[in-house]
Structure formats: C-alpha cells, structure tokens
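Chains, contacts and geometry: an overview
Chain by chain, the residues:
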Amino acid sequence: MNTLEITKNTSNGKQEAIAGATQLSGSQAVLEALLAEGVDTVFGYPGGAIMPIYDALYDYNDRLKHILVRHEQGGVHAAQGYARTSGRVGVVFATSGPGATNLITGLADAMIDSNPVVCITGQVFAHLLGTDAFQETDVINITTPVTKWNYQVTDACEIPTALAKAFHIARTGRPGPVLIDITKNAQLQLFDYPGYKVCNHIRSYRPKPIVRSEYIEQAAALINAAEKPFILFGQGVILGKAEAEFKAFIEKTGIPAAATVMGLSALETHHPLHVGMLGMHGNYAPNVLTNECDVLIAIGMRFDDRVTGRLDKYAKQAKVIHLDIDPAEIDKNVKATVPVWGDCKETLPLLTEQVDAKTHDAWLSRFRKLESEEIKEVIQEELNPTTPIMTMGEVIRTLNELTGGDAVIVTDVGQHQMVACRYAKFNQSKSNVTSGGLGTMGFGLPAAIGAWYGTPDRTVVAIIGDGGIQMTIQELGTIMQFGAKVKILILNNEFLGMVRQWQQLFHDKRYSFVNITSPDYVTVAKGYGIAGNSIRERAELEQALTAMIEHDGPYLLEVMVGKENNVFPMVPQGSSVSEIRLK
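The text that follows walks through the structure, step by step, so that each part is easy to find. Computed from a prediction, not measured in an experiment: that's the story for all the values here.

1. What about the packing of aromatic side chains?
The geometry of two aromatic rings is summed up by the distance between their centres and the angle between their planes. Enumeration over the complete set of coordinates arrives at 13 aromatic pairs. Ring plane angle 50° and centroid distance 4.8 Å describe the contact between Phe 233 and Phe 246, whose orientation is recorded as tilted. Here Phe 246 lies in helix α11 (residues 243-253) and Phe 233 lies in strand β11 (residues 229-233), a separation of 13 residues in the sequence. Judged by centre distance (5.5 Å) and plane angle (70°), the rings of Trp 502 and Phe 506 are edge-to-face. Here Trp 502 pairs with Phe 506, and both are found in helix α20 (residues 497-506), just 4 residues apart, close to one helical turn. We classify Trp 502 as buried; its relative accessible area is 19%. For Phe 506, a relative accessible area of 33% corresponds to the partly exposed category. Three or more aromatic residues joined by ring pairs make a cluster, and in this case those are Phe 43, Tyr 82, Trp 452 and Tyr 453.

Here it is in structure tokens:
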C-alpha cells in the first residue's frame, strides 16, 4: 500500500500533513471534504446512524463550527439563511429515520427557492437496508422530488467523489438542495484516501445553457423599438451575482423595474428606476402596468402564479423576453417571444452592449402617478396611522429609520411577511431572506440564525408573526447555546392573520380556527436567557426598537398590532393583475 500524505486545513487557512496517514474512515473523509469545499459552519442534530461522523467531528472542532439546532427542519432553514446571506453552500447533518424525514419541509423550501444546501444523512448499515431496521426510511425515494440530486453511499470509497458532485450540483446553474445518504458501515469503513478533488464538471450535467447570440440580438431589437418596456427581476440576479450588470442594463435603457418577493434587495430600494414589488400584495403600479407595457423583460424569475394572477389575462399585449438559467422555466407559464437562455451574469452584459441608451420619462411617470394613488389610499395610513392602534407598517417604517436600510430582514410567512417585503428598505444585496415559493410558516427564526452566521457583522432582524413563531420557537434554545445575535421582532395580532383576511374577504367573515393564543413571549425568552420586551403603545415603539437593535446580543421584542388590519393592495386569487384591489 502506498503511503499517502493526507492534509488538513488549520485554523489560519493553511494545510498541514496528517502524519503517517495511509487511510481514513468514511467519516473523516466527509469532514475533509467539507474543509476542502471551504465550509466553516454546519447545522445539525446527532443520532445513532450518523454517530460515526459526529465522533470524527470531535477532532475537527477547531476547524468546523457545528451549531446544534433543536429540530432538523430548523437545521435546513438555518442552512438556507446562511446560504442566502453568505452566497455559499449551507450544510446540514441529520440522522436516519425521523431525523431524515424532518428535513423534508426544509428541502422542499430550498428546492423551490433555489437555495444551495447539502444535507448529509446517516443511514442504517448497508446489510440492513430494506429490512425495516430501527430508524430506517427510504430517504432517497422520499427526497427525490425535493432535491436537485440525491445519492446513497454504501462504500466509503465513494464519499470523496459523491460529496464533490454534491457541492458542484448544489451551487452551480440554478442552485438547489442536494442530499447524500451514507450508511453507517461506510462511515466506519477505513479506505485508502486518494485526496479530495473539487468537482467542476459532470458529463451528464450542464448547469448553464449555451448563450445563443441570435436571441441576444432579437431581444435587443425588441427593447430598442419598445415605447413602454417593463422589467421584472427575481432572485436569479442575486444568485448569478449579477447585481452590477443588472444595474448597468437598466440605467442604460432607462426601463422601470419591479422586483419579485425573492428579487428584493438585488437593486437598492431607493433607485430611481425601482418601481416596487410585483405580486398578490405587491405595489399597485407594477401590477396594473404589466398589462399595459409593450415589451415585458423577465430576468431571473419564473412567473409564479402569485406574480401573474390569471395567466389567460396576463400581459397578452406584450412581447415577452425571458432571461433565465433554467431552460425548464422558459415557456412553462408564460410564452416567451424571445427566450434568452443562460446565466444573467453573462447574458446581461451582452444585451447591454446592443441596446440603445434611452430614457422613458413619460412611461416612468405613469408608474409614479399610480404610486401616488397607492400612497393616498393605502400607504399613508399604513405607515402613519391616525388611529390609536399600531399597524405593522409603522413598525417597519420605524425600523427602516433606525437601521437606515442596512439590516438583513428575515421574515416568516403571513401578513407580516407581505408588509415587511412591501415597506422594508434595502441598500445592498442579500438583505431579504424569506420563504417565497413554499410559504413555510416557522421558517423565520431558524433562517435568521443561519443568516446571522452567514454575515455576523450585520444586524439581522427576524420579523415573525404570532403563528409562525410558535412553529419553531424551540430554536430559541439554539440561540441560547451558541449566541447568535438575532433580533426577533414578533408582530402579534392575535390571529393567523393572512388566513383571517381571506376568511373576512372571501368567506363572509366566518373566522374558523384563526384565533391563536400566545404564551408570554418575554418570559419564554427569559427562560432561554434572551433579553426581551413587549409593547402595546405607539409612544413606546421607537425606544423599544432602539433598545432591541442596540442590545449586544439576541433580543426579543413583541409588538401588539391591530387584530383585524388587512394587507392591501391585493390581487384576489383567480383575478387578473390589473384587477388589483386598493381596499
């Protein structure tokens, strides 16, 4: 047997030899792979089938930070938050059986929102597969619909290659979650370690389609001839690290641009060409004028139903240019006149070269006119209410004033999510972390923990409703143990607010099981060693938010807001985007 020089990364980033090493266990190979991929943080929960990896991790504590979450779902959401703010792959450990099945919601969320996550699960010994052994589940078949790729390792020799592929697939092309299931015997097995080689190519996998120059030319021709062009931008701009290229494109063309929920923060909120947010609870102007533009340019977004409303009434008058890295999204929901396949980091500069420098002042003024109507009918009262009852909007307005738009805003799902997305100000990219496609209640708290580890030098504020916080409130224990300086802002309206709003508007106010009672959150936080406060009066708001932000450590603030306030504008389900309601 040839002697191999096995290296390990030290805390200062250098490598040193593992003296005399000729073999590694499968578990050690897993951890060497993580170090080689630049992983610094793992979110996980140990158990029997993954115990060998955790035993090996004991000797890697100086190089790998492990955050013990309180539930495996929280582990995936934390990894998502980490990925969203750091731009790197989030990593999760879980055991077999219930540990693995607890990952499913997080994997589904990461899949639909294109979050690069690698989950490593332990599995029973290979000879027990298919015998209904203790804590055995068929995790490969269970997770196939909610992963970009998954693979079961039964021999340690496969581990370096499998993990190299996993990281390559998770981070490239349209990112997404990958799961590697490793049987216990493979974790324990000693093998001749060949070293770790980062994967840059898989024969059967093409992460980026070939850019076709003829489509660039056709798109440029449509844009140059357009009188009322309109840009819709999504998370693809952020995932492609194409924020600068996107800004150069819109500033040369002078085209108004609106964000999807997932695209928020790709362009700073105060940019003069930023005309708001699309979607069911988006801004009035971009929804209405979608059905009046002559060229609709979609960049890194997938025409989700919450953006389009009724497809048979969506932008039928417009020529559609769709830029996307995933060919499966082209023509899936909205037929493209010109499909521009490819990474927008590459396609946007090519397009920018061929478009004319223009302004569209008259067209942009249409957006501003409708915006003024929305301010008068909705925004003014929401942000500066004249009633004694506090609104979610005024809480977000005050938060903006105190953070200056520099905070990372993490939201759960519900009314508070839509209000935060509508009114939060963003000065830089990777600042909006939310569950978009799946709409997962309980996402906010664990995602905020991960978001903080992804960017610990920034203020991270988790805005959560009184429903969502109770789904993953156990993750306060993770904060208690590891000290993530997350600011938790609970907007408590004593209802499952979004469901209640629908029951009010579309079900004759028949409130069916939407009244939700809450514990004393400040006392709960205190039990976890977390400082906190609860307020009901407007006069207390600014001081309370200031105390939360300035506190050196995690902090929980509960703000009691109006019980039956609704989020408007709103595109009723089954309606056209141009039928958006202001009230």
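There is more to say, and it comes next.
2. Side note on the layout of surface pockets
Its boundaries defined by the atoms lining it, the second largest pocket holds a volume of some 460 Å³. Around the second largest pocket, the lining comprises 24 residues; the ones closest to its centre are Thr 269, Asn 283, Glu 371, Arg 422 and Lys 425. Of all the secondary-structure elements, those providing two or more residues to the lining of the second largest pocket are β13 (274-277), α12 (284-290), α15 (361-383), α16 (392-403) and α17 (415-423). Here the element with the most residues in the lining of the second largest pocket is α15; it accounts for 7 residues.

3. Looking at empty space enclosed by the protein
With the rule as written, the count across this model stands at 1 cavity of 30 Å³ or more. Put simply, the largest cavity is a space of about 90 Å³. What lines the largest cavity is simply Glu 382, Thr 391, Met 392, Gln 415, Val 419, Asn 493, Val 561, Gly 562, Asn 565, Asn 566 and Val 567. Of the residues in the lining of the largest cavity, the class split is 4 nonpolar, 6 polar and 1 charged.

4. Here's the deal with helix α5 (residues 104-112)
For α5, the full list of buried residues reads Gly 106, Leu 107, Ala 108, Asp 109 and Ala 110. Those residues of α5 hidden inside the fold are in contact with α3 (72-86), β7 (117-123), α6 (139-143) and β9 (177-183). Note on α5: the residue one or two positions beyond its end, Ser 114, has a positive phi of about 55°.

5. Some words on the pairing of strand β19 (residues 460-465)
Within β19, 6 of the 6 residues are buried, which leaves it mostly tucked inside the rest of the structure. Neither face of β19 is exposed, since Val 460, Ala 462 and Ile 464 on one face and Val 461, Ile 463 and Gly 465 on the opposite face are all buried. Alignment of strand β17 (residues 408-411) against β19, held across 4 bridges, turns out to be parallel. When the bridges of β19 are listed, Thr 411 appears paired with Ile 463. Note on the crossover from β19 through helix α19 (residues 476-482) to strand β20 (residues 486-492): the handedness is right-handed.

6. A word on the environment of Cys 344
On the secondary structure map, Cys 344 appears in helix α14 (residues 344-354). In this structure the C-alpha to C-alpha distance between Cys 344 and Arg 510, which are 166 residues apart in sequence, comes to 47 Å. Once you skip the residues sitting within four places of it in the chain, Cys 344 turns out to touch Gly 236, Val 237, Ala 242, Ile 299 and Pro 349.

7. Brief notes about the packing of α16 against helix α22 (residues 541-550)
For any two helices packed against each other, the geometry comes down to the angle between their axes and how far apart the axes lie. At a minimum axis separation of 10 Å, α16 and α22 run at an interaxial angle of 50°. In terms of orientation, α16 lies oblique with respect to α22. Crossing hand, α16 versus α22: right-handed. Residues Glu 394, Val 395, Thr 398, Leu 399, Leu 402 and Thr 403 of α16 form the contact with α22, whose own contacting residues are Leu 541, Glu 542, Leu 545, Thr 546, Met 548 and Ile 549. Tallied by class, the residues present in the contact of α16 with α22 amount to 7 nonpolar, 3 polar and 2 charged.

8. Observations concerning the sheet that holds strand β8 (residues 149-153)
Strand pairing within a sheet occurs via backbone hydrogen bonds; the two strands may be parallel or antiparallel. The 6 strands are arranged β5-β4-β6-β7-β9-β8 in an open sheet whose pairing can be described as parallel. The open sheet has two edge strands, β5 (65-68) and β8, and neither has a second partner. Strand-to-strand twist in this sheet, taken as the mean axis angle between neighbours without regard to direction, amounts to 20°. Two elements, strand β6 (residues 90-94) and β7, share 5 bridges in a ladder whose sense is parallel.

9. Topic: the pattern of salt bridges
Going through the model one piece at a time under the given rule, you end up with 21 salt bridges. Ionic pairing is found between Lys 335 and Asp 331, a salt bridge with its closest N-O pair at 3.5 Å. A relative accessible area of 64% places Lys 335 in the exposed class. Where Glu 394 meets Arg 538, a salt bridge forms, and the shortest distance between an N and an O atom there is 2.8 Å. Pair noted here: Glu 394 is in helix α16 and Arg 538 is in the loop between β21 (531-535) and α22, with a separation of 144 residues, a long-range link. Residue Glu 394 is classed as buried on the basis of its relative accessible area of 2%.

10. Regarding α16
With 12 residues, α16 ought to run about 16 Å at 1.5 Å a step, and its terminal C-alpha atoms sit 17 Å apart, in line with that. Most of α16 is tucked away, with 9 of its 12 residues classed as buried. Listed in full, the buried residues belonging to α16 are Met 392, Gly 393, Glu 394, Val 395, Ile 396, Thr 398, Leu 399, Asn 400 and Thr 403. In the stretch just after α16, Gly 404 is the one whose phi turns positive, near 65°.

Thresholds, definitions, all that
Residues numbered from 1 in each chain as written. Predicted model: local features only at pLDDT ≥ 70, side-chain atom pairs only at ≥ 80, totals over all residues. Heavy atoms only, no water. Phe/Tyr/Trp six-rings, centres within 6.5 Å; stacked < 30°, edge-to-face > 60°. Helix = DSSP H or I, 4+ residues; strand = E, 2+ residues; numbered from the N terminus. Buried < 20%, exposed > 50% of the residue type's maximum accessible area, 1.4 Å probe, protein only. 1 Å grid on protein atoms, 1.4 Å probe; cavity = no way out; pocket = protein on both sides within 12 Å on 5 of 7 lines; lining within 4 Å. Points joined across faces, edges and corners; volume = space filled by probe spheres on them. Nonpolar A, V, L, I, M, F, W, Y, C, P; charged D, E, K, R; others polar. Contact = heavy atoms within 4.5 Å. Pairing = 2+ DSSP bridges. Right-handed = clockwise from strand over helix to strand, strands pointing away. Axes fitted to C-alpha atoms, helices over the stretch in contact; angles between N-to-C directions. Parallel < 35°, antiparallel > 145°, perpendicular 65-115°, else oblique. Left-handed = near helix turned anticlockwise from the far one by under 90°. Salt bridge = Lys/Arg side-chain N within 4 Å of Asp/Glu carboxyl O. Expected span 1.5 Å × (residues − 1).

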